[in-house]
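Given next are the chains, with one letter for each unit.
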There are 2 protein chains.
Amino acid sequence: MSFPKSLENLVEQLKVLPGVGRKTAERYALHIINKLDQEQSNQIADAIQVAKNKIKHCSICGNLTDDDVCDICQSNSRDESTILVVENSKDVFSIENANQYKGLYHVLNGVLSPMDGMGIEDINLDSLWKRITDDKVREIIIATSSTPEGETTALYISRVLKDIDVTVSRIGYGVPVGLNLEYADDLTLSKAIENRKKY
Amino acid sequence: MSFPKSLENLVEQLKVLPGVGRKTAERYALHIINKLDQEQSNQIADAIQVAKNKIKHCSICGNLTDDDVCDICQSNSRDESTILVVENSKDVFSIENANQYKGLYHVLNGVLSPMDGMGIEDINLDSLWKRITDDKVREIIIATSSTPEGETTALYISRVLKDIDVTVSRIGYGVPVGLNLEYADDLTLSKAIENRKKY
């Protein structure tokens, strides 16, 4: 005997979420069936579809946005001379929450990782080169994580930009080595940006 | 700066899942946005709605089912003289997985808990009384959990059935098979000693 078919299907679907195994998926599914009313469960389903349909990458920086250009790139109050390069949108939100950095971002949506088939063409680099020549950019702060792939990506960017008239720096090691940016606390993130090192 | 609106909404919606806080909801939402393709995310949304629409409580035992009567109540191969009373459907699936019990079930979908506004009318008891008079039931095994509410519910059922010609029993509590004594909690150990069996 197993779950009714539609419940079993829901459990299987929920297992695609990161870190969710059979037991957790069952718990979520039974909660949806038993504890939520029709409206609440519709809201979850709608939220998934609306978010999936509406959200795209900012045409300038690659950050997630509901519009063509993200709020940060649209803003007049940001320091346009600095671009902070991060692996993904989550890092943008983490750094924004620390409320210290006032420049712009560039979201790579990945890191160089031949093992995972991620090459130079696969991470949002072309638009970074373009931004550097087009804009009044003076400094690039590279904030990829301190994994081997993150370091390789940082090194690659710094080498490409070596002969160009911009300062290239690496986010300071306030961020504990091996910790994902999203789990770093606000103060650590602020320190890390403050203590950035020139390449 | 926060997430784009549709992403923020998705995060908020996912927070209704049990044990899911802000960070986990963000992780799930960003996984849905970044890692799943359109079809996969539609499948999750559909699965939620289909399950929510299709699944109902078995009209006999209260178990979750896609049909009017659940597979177990429909089956001809179950021992109809025994009804095992559980708090919720999850317990049915757990016991079924153990593959030893061959009787029927009765799912209360709750326990008596005045604090949570759960009274005698709110848990699936009326249909239990009806089954006992209608059917060829000889034994009721009460398998509500050993929380105060579960014990109260068990006691209530046993008292109501005192003058009726069915055996009412409570499942045995003790040290889980394979567990070292040192890891058993005090209450379990007390129960285990109380429930000792003569050789």
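Look up a bit, the structure's there.
Computed from a predicted model, the values in this text were never measured in an experiment. (Residues numbered from 1 in each chain as written. Chains lettered and ligands numbered in written order. Predicted model: local features only at pLDDT ≥ 70, side-chain atom pairs only at ≥ 80, totals over all residues. Heavy atoms only, no water.)

**Looking at the pattern of salt bridges**
All names here are of chain A.
No. 1: Throughout the structure, instances matching the rule amount to 14 salt bridges over all chains.
No. 2: The salt bridge partner of Glu8 is Arg22, with a shortest N-O separation of 2.8 Å. Separated by 14 residues along the polypeptide, Glu8 in helix H1 (residues 5-14) and Arg22 in helix H2 (residues 22-34) bring together distant segments of the chain.
No. 3: With relative accessibility at 30%, the residue Arg22 sits in the partly exposed group. (Salt bridge = Lys/Arg side-chain N within 4 Å of Asp/Glu carboxyl O. Helix = DSSP H or I, 4+ residues; strand = E, 2+ residues; numbered from the N terminus. Buried < 20%, exposed > 50% of the residue type's maximum accessible area, 1.4 Å probe, protein only.)

**Quick word on helix H1 (residues 5-14) of chain B**
No. 1: Along H1 of chain B, the residues that are buried comprise Ser6, Leu7, Leu10, Val11, Gln13 and Leu14 of chain B. Looking straight down H1 of chain B, one finds its buried side chains confined to an arc of 165 degrees; they lie on one side.
No. 2: Packing partners of the buried residues in H1 of chain B comprise helix H3 (38-54) and strand S2 (64-65) of chain A together with helix H2 (22-34) of chain B. (Arc of directions from axis to C-beta. Contact = heavy atoms within 4.5 Å.)

**As for the sheet that holds strand S5 (residues 139-142) of chain B**
All names here are of chain B.
No. 1: Pairing is parallel across the open sheet formed by four strands, whose spatial order is S4-S3-S5-S6. Pairing within the sheet leaves two strands with one partner each, and these edge strands are strand S4 (103-107) and strand S6 (167-170). Going across the sheet, the axis of each strand differs from the next one's by a mean of 25 degrees, ignoring polarity.
No. 2: Across four bridges, the pairing between strand S3 (residues 79-86) and S5 is parallel. Note on S5: the bridge partner recorded for Val85 is Ile142.
No. 3: Against the sheet, helix H6 (residues 126-134) contacts S3, S4 and S5, and its axis sits at roughly 150 degrees relative to S4. (Pairing = 2+ DSSP bridges. Axes fitted to C-alpha atoms, helices over the stretch in contact; angles between N-to-C directions.)

**Here's the deal with the packing of aromatic side chains**
No. 1: Inspection of every chain in the model, using the stated rule, returns six aromatic pairs over all chains.
No. 2: Measuring from centroid to centroid gives 4.2 Å for Phe93 of chain A and Phe3 of chain B, while their planes differ by 75 degrees, and the two rings are edge-to-face. Linking Phe93 of chain A in helix H5 (residues 89-98) with Phe3 of chain B in the segment before H1, this pair reaches from one chain into another.
No. 3: Taking relative accessible area as the criterion, Phe93 of chain A reaches 5% and is therefore assigned buried.
No. 4: Geometrically, the ring pair formed by Trp129 of chain B and Tyr156 of chain B is tilted, given 6.5 Å between the ring centres and 50 degrees between the ring planes. (Phe/Tyr/Trp six-rings, centres within 6.5 Å; stacked < 30°, edge-to-face > 60°.)

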